[in-house]
Structure formats: structure tokens, C-alpha cells
Amino acid sequence: MKTINKISFQDIESIPQLVKDFLNHNIDGFEENTFSLDHFKKQIHKKQNSFTADQRNILAGTIENQLAHLQLSARQSENLNNLRRQDTFTITTGHQLNLFSGPVFFVYKILQTIKTCSYLKQNFPDFNFVPIYWMASEDHDFAEINHFKTESGFYEINEKSGGAVGRITTNDTFFISEFEKEFKDYVFGTELILMLKEAYKPGNTLTEAIRILVNRLFSEFGLLILDGDSKELKEQIKETFKDELLNLSLYKNAKDKVDFLTEKYGKVQVNPREINLFYLSDTRDRIDFDGKKYIVVDKNISFTEEEIINELNSHPDRFSPNALMRPVYQETVLPNLAYIGGNAEIMYWLELKDYFSKINIPFPILIPRNSMLFLKEKTLGKIDKLNLKIEDFFRNFTAVTNNKILENNAILEVLEQKENTLTNQFSELKAIAETTEKSFGNMVKAEEIRQLKSFKRMKKRLLHAEKIKRHELLERLENLFLEVHPSGNWQERVFNFSVFFADHGYSWLETCLEEMQIEESKLIIVAI
């Protein structure tokens, strides 16, 4: 395996402009929330002064209990003990409980979190940094997480859904036998099959399954796994939840940022609701207020103000944060310095800056996660043979294809020469026409537009004709695009990690870790 290119997010058309502007310090108020050692130094000071010894003990005790049934590595045990110390901080990433981890970027974001901790330890040796994977166990959209895809197969489970997905118990294990058929002959196929069987043993909850899998993959790197579905942790955020219920605080305090981002970028990633909490029973349902009572939407449950506050005080574990409140919960219960997430995550975190200030919690450094792409030497050979660059596949590939189809086309060259001549002639004519009557000048402009449209139509017809004539080249280009972008999407958002682990095992994880960027957000392309 060899890294052949690292492309900055700034040079990739599909990266959202908001993320690019954030990385370039082009959004006022977020300059100190980007990656730099100076920003981390300030963040350490802020968090050290706002996170108490009691909070540390609760956090360490909660993680210890949650991981009690797992075999911890020496580095994990050391990190767990360090969490009780005032000189220890966390770097966090989070993700849903996708079946067998889902798309492979799940692995990349965890490895970047681990490597960031190592980098910070090198630069701030007097402090300790612990990588945390936050399990999104309370999400209720089972259809989003109940499957994963390999090069040859699509695997899914069918269970009763509607509540917090982490509480769902595994019963349907048919997918395991199908997975075994695909991977039994690979070098590390047996390892993968054993992982799958151990994690998704009948009776395990999806929380237990992902905890077992993630620990198997990352325990030696010192990663700690945290489930937010915890009464002990939610005890610490009761006052924030109470304020949310009574005063709609997130909605009100995020409004200015949401309006600003909407005006500048057209929309925001997640629109705040007036109440950004769910109620957990046998299902997970949104809480709404009708002016008199608090209603659990789609359930026959309602509370008066006094009743819902009593319920919160007695059973904080029954209240669940939505996508926007979850970052607030996370930063309340962790001595956290930075969050590593995908572009969509970064974009909704940015909405919350003013709300964090209002509730007096330090807003973290935000790090858009790296992307990785593993390409076979055969695919790279095809790209080179067509005189293309890998960067071309992350531009407008329709335009790249059209240019390749019309490359060195004599008719196109003549059309463009004549079009340039026409443009120059009309430029001279317009200069003269502007000295005469206005209506005559307008007529000249209209005629130029009409004739240039004719050239545009001729180019379009020429392209259509050449695509028919050069259909084999067009097919090669389209097939090559799908080799780089399976199912028309980024590879990391389609394939499961098993596709790469099957041939290379844990050495693949080591390669990913070694090649992972820390100080910049990039797409890392590796030949295999």
C-alpha cells in the first residue's frame, strides 16, 4: 500500500462552501475553533477551568461500568485512570450504531481521533489526551443503520424498531451466514467472521454489538467507548434540559447564527426546533408544547409544566437530546477539546456557538474528518492510460468526460475559432453602435446573443454526435468513474471496512493511521 496523493478539501468541488470557509477562517467568530496548537493551548485552559473533579469521577466511573465486560488493553486502562486527573482531556468523534460499523469512514474518523491525541501529547507533554468514541445509541432511525455493503453483497437485519436503536436486541442473524459465504476464503476472512459472530451474538443489544466490535478493532490504540444513554451522565445536564423545556433556549439563542448561515449559504444542516428533546419510552418521540401542556408526539402521553420537571428530576434518562442538543450534552459531560466529524456534522455544530456561550460551556475546536480512497493498481493504470488525473474524478466529471470526448476534435477547433472571430466582430460593431441611436445598439446586442446561441447549439449537437461515434471511450470513462465512485458515491460512504480488512487485516488499520492527516482536512488516496 502506497499513498499516491493527498488532495486538499479546498480543491474538491463537492466539499460544501461553508466547510471551506470555516477552514479558511472566512466566517466571523469561529477563527479560534479551527485546528492550531495555539487554539488547543487556549482550549486546554478553558476546559481545565470549567470541568470539575466530580465530573471526572462520574465520567470515569460510567465508562468503567460500561466497559466492564470487555477485555481492556493496557493503554485503555491507563486512559481510563487518567480521566480522573485534571491534566487530562478528550478528543471525541461520534457515530451511529451502523450494522458492523456501516460505511468505512466510521473507521477513518476514529483513527483520526486517535492520531490527534498522539499529536497533542507530542506537543503538550505535560497533559494527557484520550480518544473517545461517542455512541449515538439513542437515535431511533433504524432504517439508516440496519445494513452495510461490500463489493459483492448487501447485508441487513430486520428487528422491531421505533425506540432507541441501541436498546434493540439482535435476533435476526441470517446476514452472518451470508457474509461468511463471501469472506471465508480471504486471508483475514475468518477474523472478520469471528468479529461479526461475537458482536452480533443473539441476545446482544446493538449497543453491546458495536461496543464489542469497536473494542476489538481499536483497543490497542487506547480508544474509550462512551454510551450517552446513561442516567449518571444525564444527571449532569438536567438543568440545561429544564431550561430547554421552560424557555426554548437553544432555539432562541441559535436563531441569529441560523439566520446568518441561511442567508449566506442558502440553508442550514439542521433547523432547531422549539424543544430539541425526545422522550424515551418503548419508542423515542419528540416533545412539543401546545401552550398548556407538554405533548409526547405520536404517544398518548402529556405533562403539565410541574409534571414534566418532576419527571426530568426523577428520570433524566427518559429525556433524549436531538441532533443539535447532543453536542451540548457531549461537551457538558466530557473534558473535551475538539470534535472530529463529517462535513454535515461540522455544519450543524456551527449553528450552536451562541447557545454554548449562553450556557457557559466552552465551544470546542471543530475538525472536518479526513477522507480516504483505496484504489487498485489496475484502476490507477486505466486512469493513467486515458491521460487523466485522480483529481479529475473529484471535479465535475461530466465536464471532464465531455472534454475527453471532444479532445483534439477538428470541428470543435473550427467552431471555437469562428465563435471567437464573431465575438470580436460584434465587439467592434457594438462600440460603433453605441455612438448612434440606442435602439440600434440594442439590436446589435440581440443579434450577437442570437448568433452565439447558434454556436452553443452546434457544440451541443457535435458532442452528442461524438458520444455516439466514440461510445466505447464514453463507456470506459463511465465504468472508470464507478470504479472510483462505487454506486456513484464516494467509496468511503459505500463500502464497509471488511472490503479492505479482508486482504490486509490489522496492517490496513496501521496504514490508515500512518497516512491520516492531522493539521489539514484532505482526501488521502492510497494504491493497493
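In the block above lies the structure referred to throughout.
Residues numbered from 1 in each chain as written. Predicted model: local features only at pLDDT ≥ 70, side-chain atom pairs only at ≥ 80, totals over all residues. Heavy atoms only, no water.

**Overview of the environment of Thr62**
Following the sequence through the fold, Thr62 ends up in helix H3 (residues 53-66). By relative accessible area, which is 5% here, Thr62 ends up buried. Between the C-alpha atoms of Thr62 and Lys231, which are 169 residues apart in sequence, the distance is 9.6 Å. A distance of 2.8 Å separates a polar side-chain atom of Thr62 from the backbone oxygen of Ile58. (Helix = DSSP H or I, 4+ residues; strand = E, 2+ residues; numbered from the N terminus. Buried < 20%, exposed > 50% of the residue type's maximum accessible area, 1.4 Å probe, protein only. Polar contact = N/O pair within 3.5 Å; in protein donor to acceptor, adjacent residues only side chain to side chain.)

**So, the packing of helix H11 (residues 238-247) against helix H12 (residues 249-265)**
Taken N-terminus to C-terminus, the directions of H11 and H12 make an angle of 80°; their axes are 6 Å apart at the nearest point. Accordingly, the angle class assigned to the pair H11 and H12 is roughly perpendicular. Facing Asp243, Glu244 and Asn247 of H11, the residues of H12 in contact are Ser249, Leu250 and Lys252. Looking at side-chain class alone, the contact of H11 with H12 contains one nonpolar, two polar and three charged residues. (Axes fitted to C-alpha atoms, helices over the stretch in contact; angles between N-to-C directions. Parallel < 35°, antiparallel > 145°, perpendicular 65-115°, else oblique. Contact = heavy atoms within 4.5 Å. Nonpolar A, V, L, I, M, F, W, Y, C, P; charged D, E, K, R; others polar.)

**Section: the sheet that holds strand S13 (residues 365-368)**
Taken together, the five strands give an open sheet; going across it, the order is S6-S3-S2-S12-S13, and neighbouring strands pair in parallel fashion. Strands with a single pairing partner mark the edges of an open sheet, and in this sheet they are strand S6 (224-227) and S13. The average undirected angle you get between the axes of adjacent strands in this sheet is 30°. Bridging between strand S3 (residues 128-135) and S6 involves four bridges; their strand directions are parallel. If you follow Ile132 over to S6, its bridge partner there is Leu224. Helix-sheet contacts for H3 involve strand S2 (88-95), S3 and S6, and the interaxial angle to S6 is about 95°. (Pairing = 2+ DSSP bridges.)

**Structural notes on the pairing of strand S7 (residues 277-280)**
Side chains Leu277 and Tyr279 project from S7 onto one buried face, and the interleaved Phe278 and Leu280 project onto a second face that is buried too. In this antiparallel pair of consecutive strands, S7 and strand S8 (residues 284-289), the connection spans three residues.

**Quick word on the environment of Ala502**
As for its placement among the helices and strands, Ala502 is situated in helix H22 (residues 498-504). Ala502 sits 319 residues away from Phe183 along the chain, and the two C-alpha atoms are 7.2 Å apart. When residues no more than four places from it in sequence are discounted, the contact partners of Ala502 are Phe183, Tyr186, Val187, Phe188, Gly189 and Leu192.

**Focus on unusual backbone geometry**
With phi around 85°, Ser101 is a residue other than glycine that occupies positive phi space. Within the secondary structure layout, Ser101 lies in the loop between S2 and helix H5 (105-123). Among the residues examined, Ser101 registers a relative accessible area of 1% and is labelled buried. The phi torsion at Leu248 lies on the positive side, around 55°, for a residue other than glycine. Structurally, Leu248 can be placed in the loop between H11 and H12. Overall, the relative accessible area of 19% leaves Leu248 in the buried class.

**Things to note about the nonpolar core**
Nonpolar side chains in soluble globular proteins tend to end up buried together. By size, the foremost hydrophobic cluster in this structure holds 137 residues, and its most contacted members are Tyr200, Phe218, Phe497 and Trp508. Tallying contributions element by element places helix H9 (residues 206-218) first for this core, with eight residues. For Phe218, the contacting residues outside a window of four places in its chain are Val107, Ile110, Leu111, Ile114, Leu223 and Leu509. Listed in part, the 16 residues of the second largest apolar core include Phe40, Phe89, Ile91 and Cys117. (Core = buried A, V, L, I, M, F, W, Y, C linked by side-chain atoms within 4.5 Å.)

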